[in-house]
Every structure is written in structure tokens, then in C-alpha cells.
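Commentary on secondary and tertiary structure
Residues per chain, in single letters:
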Amino acid sequence: METKVLIVGAGPSGLATSACLTRHSIPHLILEREDCYASLWKKRTYDRLGLHLAKEFCFLPHKPLPPNAPTFMPKDFFLKYVDDYVSQFNINPLYHRTVESASLVEAGRKWRIEAKNTLEGNVEVYHAEFLVVASGENNEGYIPDIKGLSSFPGEIVHSNHFKSGSRYKSKDVLVIGCGNSGMEIAYDLKDHGARTSIVIRSPFHVLTKELVHRGMSLLNYLPVYMVDTLITMLARLKYGDLTKYGIYRPSRGPFAHKNVTGRSPVIDVGTIGKIQNGEIEVVPDILNIERNNVKFKNGTEKNFDAIVLATGYKSAANKWLKDYKYALNDDGMPKNRMPNHWRGEKGLYCAGLSRRGLFGVSMDAEAIVNDINKVITSQK
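Overview of the structure. It should be emphasised that the depicted structure is a prediction, and the values quoted were computed from it without experimental measurement.

**A word on the packing of helix α1 (residues 12-23) against helix α3 (residues 75-88)**
Packing of α1 against α3 brings their axes to within 10 Å, and their N-to-C directions diverge by 30 degrees. The angle between α1 and α3 places the two elements in the roughly parallel class. Taken as a pair, α1 and α3 cross one another with a handedness that is left-handed. Facing Leu15, Ala16 and Ala19 of α1, the residues of α3 in contact are Val82, Tyr85 and Val86. Partitioned by chemical class, the residues of the contact of α1 with α3 number 6 nonpolar, no polar and no charged.

**Brief notes about the packing of α1 against helix α9 (residues 357-379)**
Across the interface, α1 lies against α9 with an axial gap of 9 Å and an inter-helix angle of 35 degrees. As for how α1 packs across α9, the hand of that crossing is right-handed. Facing Pro12, Ser13, Ala16, Thr17, Cys20 and Leu21 of α1, the residues of α9 in contact are Leu358, Val361, Ala365, Glu366 and Val369. Of the residues that constitute the contact of α1 with α9, the class distribution is 8 nonpolar, 2 polar and 1 charged.

**Considering the pattern of salt bridges**
For the structure on display, the rule yields 20 salt bridges. A salt bridge links Asp172 to Arg195; the shortest N-O distance between them is 3.0 Å. A residue pair is termed long-range when its members are at least 10 positions apart, and Asp172 in strand β8 (residues 172-176) and Arg195 in strand β9 (residues 195-199) qualify at 23 residues. Between Lys325 and Asp323 there is a salt bridge whose closest N-O contact spans 3.6 Å. Of the residues examined, Lys325 reaches a relative accessible area of 47% and is grouped as partly exposed. Sharing partners across several salt bridges, the network here consists of Arg33, Glu34, Asp35 and Lys43.

**Observations regarding the packing of aromatic side chains**
Taken as a whole and assessed by the stated rule, the structure comprises 9 aromatic pairs. When the centroid spacing of 5.9 Å and the interplanar angle of 85 degrees are considered together, the rings of Phe57 and Phe359 count as edge-to-face. Of this pair, Phe57 sits in the loop between α2 (39-43) and α3 while Phe359 sits in helix α9; the two residues are 302 residues apart in sequence, bridging distant segments of the chain. Residues Tyr85 and Phe89 carry aromatic rings whose centres are separated by 4.9 Å and whose planes lie at 55 degrees to one another, so their mutual orientation is tilted. Residue Tyr85 is classed as buried on the basis of its relative accessible area of 0%. Of the aromatic side chains, those joined through ring pairs into one cluster are Trp41, Phe78, Tyr81, Tyr85 and Phe89. Over the ring of Tyr239 we find Lys238; its NZ or CZ atom is 6.0 Å from the centre of that ring.

**Side note on the sheet that holds strand β15 (residues 301-303)**
The strands making up a sheet are joined through hydrogen bonds of the backbone, oriented either antiparallel or parallel. The strand order across the open sheet formed by 3 strands is β13-β14-β15, and the pairing between neighbours is antiparallel. Each having just a single partner strand, β13 (286-290) and β15 make up the two edges of the open sheet. Taking each pair of neighbouring strands and ignoring which way they run, the sheet shows an average axis angle of 20 degrees. Two strands pair when backbone bridges link them, and β13 and strand β14 (residues 293-296) are joined in this way by 4 bridges, in the antiparallel orientation. Looking at β14, one finds that Ile286 is bridged to Phe296.

**A short note on unusual backbone geometry**
With an omega of 10 degrees, the peptide bond running from Met338 to Pro339 counts as cis. In this structure, Pro339 sits in the loop between β17 (313-314) and β18 (348-350). Backbone geometry places Asn90, a non-glycine residue, at a positive phi of 50 degrees. For Asn90, the position within the fold is in the loop between α3 and β3 (97-105). When its relative accessible area of 57% is taken as the criterion, Asn90 is described as exposed. You will see that Arg291, though not glycine, has its phi angle at about 55 degrees, which is positive. Within the secondary structure layout, Arg291 lies in the loop between β13 and β14.

Definitions and limits used
- Residues numbered from 1 in each chain as written.
- Predicted model: local features only at pLDDT ≥ 70, side-chain atom pairs only at ≥ 80, totals over all residues.
- Heavy atoms only, no water.
- Axes fitted to C-alpha atoms, helices over the stretch in contact; angles between N-to-C directions.
- Helix = DSSP H or I, 4+ residues; strand = E, 2+ residues; numbered from the N terminus.
- Parallel < 35°, antiparallel > 145°, perpendicular 65-115°, else oblique.
- Left-handed = near helix turned anticlockwise from the far one by under 90°.
- Contact = heavy atoms within 4.5 Å.
- Nonpolar A, V, L, I, M, F, W, Y, C, P; charged D, E, K, R; others polar.
- Salt bridge = Lys/Arg side-chain N within 4 Å of Asp/Glu carboxyl O.
- Buried < 20%, exposed > 50% of the residue type's maximum accessible area, 1.4 Å probe, protein only.
- Phe/Tyr/Trp six-rings, centres within 6.5 Å; stacked < 30°, edge-to-face > 60°.
- Lys NZ or Arg CZ within 6 Å of the ring centre and 35° of its normal.
- Pairing = 2+ DSSP bridges.

This is the structure in C-alpha cells:
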């Protein structure tokens, strides 16, 4: 099957790119391995999840949020917005299509994409002049190499399969990972009566969502170092000295740290208060696991009934994108630095891999489609 543009992935990045292409009347197809669009949001998020960034940073191209949108949208509100977006732009992904390979053909003039139709069992072949990788940076759960993890007899669940702490009441649960997912899952577990511990290994900033909102707004007018100084001071006033609880801040401020490392500050949903009053226990890095017993590097040990791996995700695009070198590095992330991270060579683009959330998704989609439209116009 021939098309001008082929998009891999029907998450927010793929949907935004499709809407922008439609606005320019550019023919395209979307291949999606799941049975729905926005599958990460619809099928692989925990129940209490909400958007951590304010609404002015969380909309898709060419469709403003409704006037009744709360400043911080709950998941269901955002998904209703996505449903309306798909309907407005008449986006129709081809579902149950798992891309198995994509490579340059015809002397580098076209992309050949092979996708397995998992309903019918056959392999379909597509050809496109432009290929957009929109499968996301949260494409595949990352499982760290922890000595003895395979011997653990209890439940091990990655955060992308965690729904609610309700089923862990009165159980000893260890959360591995102290990013936003890990901290929020730890709160949810304790809120449902689990005896909760969380592994904290790396320094990170802790902010309220209101502080993040204020900081992101100020960045429109002030340099990063000034915003970081102000927001860090306000965070210290809010939380005090967290080092006594095993939580250390990075040397850079929260927004500079995000720019350099891609790691966002932890947006506190109440977890810090539960750590401070002893309801959630902070533990150091793991030495090894022997069945239910987990030994930590400070010499302590404890038995657990379940382990939640909030250890993040990784891009899996390099597994099927044979000529990934034209846009991605060996980790499946953009090889080019911002602000040109979205642009590859030979008609290859990547959307939603900037680690800037929905705000970055919208900017990527518009930049990619403007570039494609420019190339097509120059060919006429």
C-alpha cells in the first residue's frame, strides 16, 4: 500500500501529527499495534493518575481545551478531550498492526514498512515517502537487572500494569523507583493500607504542581537560573530539610536539571508528608534478593509480599527501525539536539521523544508537518 506519510503509533504524538497533516490535506496512514488510540493512557495507567502540568501546557495542535477544563486535568477529562480530538479531525488509525521492520528502499527515496496484522496473522507491506516515529518514549517498560529478582516468589508488577493499591491492603510492598510514578504509587499503596517502602537512590527535586506551574510560567519572562533559585527557595520553605529522610536535591535547579538530564522534578501528591510522618519507609539501593527477603546496601533487610517496579520506560523503535541512524541514537532517542531533535534525514522524523510531555508533543507535530509540507511544495 502506498501513502505519502506513514505514522507509527496512535498515541498523542501520532494523533497530533495526523491532525496537522489533515489540515494540510496531506495523505497519510497511522499504524497502531493496540486496539485503540492513546492506549498508554487508556489501558496502562493507574487509576488515580492526573496530568501534573497545568492545562496551558497540555493541549494538542489546533484544538484548545474547553473553557471548563480544570487547571490540572484528571485522566478521564483529558481522555474525553482526546476522544473529541480524534472525532474532530476524523483520525482513523489501522489497529492491530505491529510494525516489524522499516527500511529505506529505492535508492533512499522511499520507506518500506512491514507490519503484522495481529488479527489476521498476515504481514502487510506499506511504502511511504515520509516516516514518522510516534511510538513514544514510554513504549516499553524497563526492567532493571537486580540480583535475585527472579527468585522472588511474590507478585512483581511494572508500573505500566499497576492500577490501584486496593489489592495490597495489609501487605508489605516495595516500590523500586522514585520518579513521579514511583512516588505516586507509594502514596496510593499506603492510602489503601499497604505497609509501603520505597527505594530512593538518586537525588531529585520535590515540588508541588503549583510550584511547577509557577516556574513554567515565569520561564517565559526570566532566565532559568533565576526561576530555579526562586522555586528551590519556595520548595525548601514548603518541605524543609529532606536529607534526614534520605532525599537529596541535585546540584542544579529543577528546570536546569530537566534541561540537562531530561529528568523531571517529582510532583508531590502527598507522598512526602507520609514519608515525614513515618507512614512510608525510605530504603537505600538493593544489594540482592533471596526469595521474599530483600537486602539493602546499608546492611538492613526486610521481607516483602510484592514488588512494584516504577523503573521507567524505554523507546523500542530501534528494534523495528532498521535505518534508525538517520534520526535516532542507539537508545532509540533523537540523535539531534533540541530544537531540531524531531528532524532526521531521508524523510524520517520522530515525534514525542523530547521528554517535554504534551507541550513537546504539540511542538514536534507542528514542526514535522510544516517541514513535510515544505518538501512537498518544493517538489511541485
